[in-house]
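# Structural overview for review
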Amino acid sequence: MYWQYVLRRVLLTVPTLLIASTLVFMVVRLLPGDPALLIVSDAQDPVLLEATRERLGLNKPLIVQYALWLRQMVGLDMGVSISTGLPVAELIGTRFAVTARIVTIACLVALLLAVPLGLLAAARHNRALDRGVMMASILLLSVPSFWVALLLILLFGVTLRWLPTVGYVSPSEDLLLALKFAVMPVLALCLTVIGQLARMMRSTSLDVLASDYILFARAKGLSEQAVLGRHALPNALAPTLTVAGMIFGALLGGAAVIETIFTIPGIGRLLVDSIYARDYPVIQGSVLLVGFVYIMVNLAVDLLHPLLDPRVEY
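The text that follows walks through the structure, step by step, so that each part is easy to find.

## Considerations on the overall build of the chain
Helix and strand counts for the chain come out as 13 helices and 0 strands. Going residue by residue from the N terminus, the α and β elements of the chain occur as α-α-α-α-α-α-α-α-α-α-α-α-α. C-alpha extents for the chain along the principal axes are approximately 85 × 55 × 35 Å. Scored against the burial criterion, the 314 residues of the chain give a buried share of 41%.

Encoded structure:
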């Protein structure tokens, strides 16, 4: 029965991906400006402009352009960048790996901190620990990530001089130096996420701890640690993981500000630069890749949900 649930959820992602690709294509075409004008040095030469548009396929009807682009995507061919002339897949792949590495570490750190904090806050409801976690969560939710990044640079980079302020080093080149460069970007992202995940974990844990089976487990004489770890945690964790999956996708597409502050060559900066250059293939490929990963992460969370929470029907 579980595999039928898996198959059904996987099949539902196909129309979702098709709708996402359509939206990406149409939104990119709504951007003002003509890519051909950015390539042609002499904007007064109509013959050269028309030849450039024909070479880029911009003179075809939108439905034809979409069909050709969709066929390329199905064949994993993202085309060539208009501004750089490099293959889009290669360009996006290197940039996406940088962003995915930082965002994944930030989300994992946030989960490792927020889940126990939210669970303990619910177990100590209306006590000092609960109030402290709630106040810290509200504070973290109120401060934007770019402001946190600037404060981290001021504290650890300028005042204490413990960490490098800007730049990026690949782990394949120097692992220790790469970790030093990644500390502040990861902190800037995960601190703003911890508040949201901790509040979600606390809310779901309060509902779970008020359930009859928790009362029965305590009546059996189980320790509070066993009640929280074996009975409350698995059932309260599923909604939190769902929110974490949504946050992961949002961070992949919205890390451009952090990447700009720390000069990280990620997918966010590539997307912003491509928008300025009206580089349609790179914009479409970047947004579609982020959307695809977002859908796949949420699919994985949906597939884990019944395994964590037995109350969910297949």
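## So, the packing of helix H5 (residues 88-123) against helix H8 (residues 175-209)
Across the interface, H5 lies against H8 with an axial gap of 6 Å and an inter-helix angle of 35 degrees. In terms of crossing hand, the pair formed by H5 and H8 is right-handed. Class assignment for the residues of the contact of H5 with H8 results in 25 nonpolar, 2 polar and 1 charged.

## Structural notes on the packing of aromatic side chains
A complete count under the given rule lists 1 aromatic pair for this structure. Summarising the aromatic geometry, the rings of Phe156 and Trp162 are spaced 6.0 Å apart at their centres and angled 40 degrees between planes, so their arrangement reads as tilted. The exposure class assigned to Phe156 is buried, which follows from its relative accessible area of 19%.

## Observations regarding the side chain of Ser81
Residue position: Ser81 is located in the loop between helix H4 (62-74) and H5. Ignoring any residue separated from it by four or fewer positions in sequence, one finds Ser81 in contact with Leu86, Val88, Leu91, Asp279 and Val282.

## Remarks on the side chain of Thr204
Its location among the elements puts Thr204 in helix H8. Given the relative accessible area of 9%, Thr204 is considered buried. Among the polar contacts made by the side chain of Thr204, one reaches the main-chain carbonyl oxygen of Met201 at a distance of 3.1 Å. Polar side-chain contacts of Thr204 include one of 3.1 Å to the backbone oxygen of Ala236. The contact partners of Thr204, leaving out residues within four places of it in the chain, are Ala236, Pro239 and Thr240.

## Structural notes on the nonpolar core
Ranked by internal contacts, the top residues of the largest apolar core, which has 58 residues, are Leu197, Leu252 and Phe262. Elements supplying a minimum of two residues to this core: H5, helix H7 (145-159), H8, helix H9 (212-219), helix H10 (224-254), helix H11 (256-261), helix H12 (267-277) and helix H13 (280-308). With 17 residues, H5 is the single largest residue contributor to this core. Those residues in contact with Leu252, other than ones at most four positions away along the chain, are Phe96, Thr99, Ala100, Val103, Ile267, Val290 and Val293. If you look at the next biggest cluster of nonpolar residues, it comprises 10 residues, including Phe25, Tyr66, Leu271 and Ile283.

## Comments concerning the packing of helix H6 (residues 128-142) against H8
In the contact formed by H6 and H8, the axes pass within 8 Å of each other and the chain directions differ by 135 degrees. Comparing the axis directions of H6 and H8 gives the class oblique. Handedness of the H6/H8 crossing: left-handed. Along its contact with H6, which presents Asp130, Met134, Ser137, Ile138, Leu140 and Leu141, the element H8 presents Leu191, Thr192, Ile194, Gly195, Gln196, Ala198, Arg199 and Arg202. Considering only residue class, the contact of H6 with H8 consists of 7 nonpolar, 4 polar and 3 charged.

## A look at a nonpolar patch on the surface
Together, Phe146, Trp147, Leu150, Leu151, Leu154, Val158 and Val257 make up an exposed nonpolar region whose accessible area comes to about 630 Å². The greatest single-element share of the nonpolar patch, amounting to 6 residues, is contributed by H7. Its place among the elements puts Val158 in helix H7.

## Details of helix H1 (residues 2-29)
Taking 1.5 Å of rise per residue, the 28 residues of H1 would be expected to cover 40 Å, and the 41 Å separating its terminal C-alpha atoms lies within 8% of that figure. Along H1, the positions that sit buried rather than exposed are Tyr2, Tyr5, Val6, Thr13, Ser21, Val24, Phe25, Val28 and Arg29.

## What to know about the state of the cysteines
Applying the stated criterion across every chain yields a total of 0 disulfides. Free cysteine: Cys107, not disulfide-bonded; nearest cysteine sulfur from Cys190 at 9.1 Å.

## Regarding the pattern of salt bridges
Summed over the entire model, instances satisfying the criterion amount to 2 salt bridges. Among the ionic pairs, Arg202 bridges to Asp130, the shortest N-O distance being 2.6 Å. Of this pair, Arg202 sits in helix H8 while Asp130 sits in helix H6, and the two are 72 residues apart along the sequence.

## Focus: the environment of Val272
The topology assignment puts Val272 in helix H12. Overall, the relative accessible area of 35% leaves Val272 in the partly exposed class. As a C-alpha pair, Val272 and Arg29 span 243 residues in sequence and 16 Å in three-dimensional space.

## Section: the environment of Val143
Inspection of the secondary structure assignment puts Val143 in the loop between H6 and H7. Val143 gets classed as partly exposed once you look at its relative accessible area, which sits at 21%. For the pair Val143 and Thr192, spaced 49 residues apart in sequence, the C-alpha to C-alpha distance is 7.2 Å. Setting aside anything within four residues of it in sequence, one finds Val143 in contact with Val148 and Thr192.

Reading the values: rules and limits
- Residues numbered from 1 in each chain as written.
- Predicted model: local features only at pLDDT ≥ 70, side-chain atom pairs only at ≥ 80, totals over all residues.
- Heavy atoms only, no water.
- Helix = DSSP H or I, 4+ residues; strand = E, 2+ residues; numbered from the N terminus.
- Buried < 20%, exposed > 50% of the residue type's maximum accessible area, 1.4 Å probe, protein only.
- Axes fitted to C-alpha atoms, helices over the stretch in contact; angles between N-to-C directions.
- Left-handed = near helix turned anticlockwise from the far one by under 90°.
- Nonpolar A, V, L, I, M, F, W, Y, C, P; charged D, E, K, R; others polar.
- Phe/Tyr/Trp six-rings, centres within 6.5 Å; stacked < 30°, edge-to-face > 60°.
- Contact = heavy atoms within 4.5 Å.
- Polar contact = N/O pair within 3.5 Å; in protein donor to acceptor, adjacent residues only side chain to side chain.
- Core = buried A, V, L, I, M, F, W, Y, C linked by side-chain atoms within 4.5 Å.
- Parallel < 35°, antiparallel > 145°, perpendicular 65-115°, else oblique.
- Patch = residues over 30% accessible without salt bridge, like charges linked within 9 Å, V, L, I, M, F, W, Y side chains within 5 Å.
- Areas by Shrake-Rupley, 256 points an atom, 1.4 Å probe, with all protein chains shown as cover.
- Salt bridge = Lys/Arg side-chain N within 4 Å of Asp/Glu carboxyl O.
- Expected span 1.5 Å × (residues − 1).
- Disulfide = S-S within 2.5 Å.

Purely spatial values, then, with no claim about function.
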